Amino acid sequence: MARVFKGGKVTVPKRLRDLFGVEDGDYVRLVLVEVMKKGDGGWVRRKVD
């Protein structure tokens, strides 16, 4: 799971960066499976087709 920040920047968790040897300045290809948003009653999940 990754978090989107201002300007659409995505953070790759350190555990995954370490596992796959991802370093600052590298490009990665991501697959979007699900969007999770925090709602009034908790997390709202939406699958992406």
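The paragraphs below set out a description of the structure included in this document. It should be emphasised that the depicted structure is a prediction, and the values quoted were computed from it without experimental measurement. (Residues numbered from 1 in each chain as written. Predicted model: local features only at pLDDT ≥ 70, side-chain atom pairs only at ≥ 80, totals over all residues. Heavy atoms only, no water.)

**Considering the overall build of the protein**
1) Next: Check the secondary structure of the protein and you find 1 helix and 4 strands.
2) Next: Ordered by position in the sequence, the α and β elements of the protein form the string β-β-α-β-β.
3) Next: With the principal axes as the frame, the protein shows a C-alpha extent of 35 × 25 × 20 Å.
4) Next: Split by element, the accessible area of the protein, about 5,200 Å² in all, is 54% carbon and sulfur.
5) Next: For the protein, the distance from the average position of its 12 positive side-chain charges to the average position of its 7 negative side-chain charges is 5 Å. (Helix = DSSP H or I, 4+ residues; strand = E, 2+ residues; numbered from the N terminus. Areas by Shrake-Rupley, 256 points an atom, 1.4 Å probe, with all protein chains shown as cover. Lys, Arg positive; Asp, Glu negative; His and termini not counted. Charge placed at Lys NZ, Arg CZ, Asp CG, Glu CD.)

**Observations regarding the pattern of salt bridges**
1) Next: In total, this model carries 3 salt bridges according to the counting rule given.
2) Next: The partner of Glu34 in a salt bridge is Arg45, with the nearest N and O atoms 3.8 Å apart. You can see Glu34 sitting in strand β3 (residues 34-39) and its partner Arg45 sitting in strand β4 (residues 42-47), a full 11 residues away along the chain.
3) Next: Of the charged contacts, one joins Lys47 and Glu34 as a salt bridge, the two residues approaching to 3.9 Å between their closest N and O atoms. A residue pair is termed long-range when its members are at least 10 positions apart, and Lys47 in strand β4 and Glu34 in strand β3 qualify at 13 residues.
4) Next: One connected set of salt bridges, linked through shared partners, spans Glu34, Arg45 and Lys47. (Salt bridge = Lys/Arg side-chain N within 4 Å of Asp/Glu carboxyl O.)

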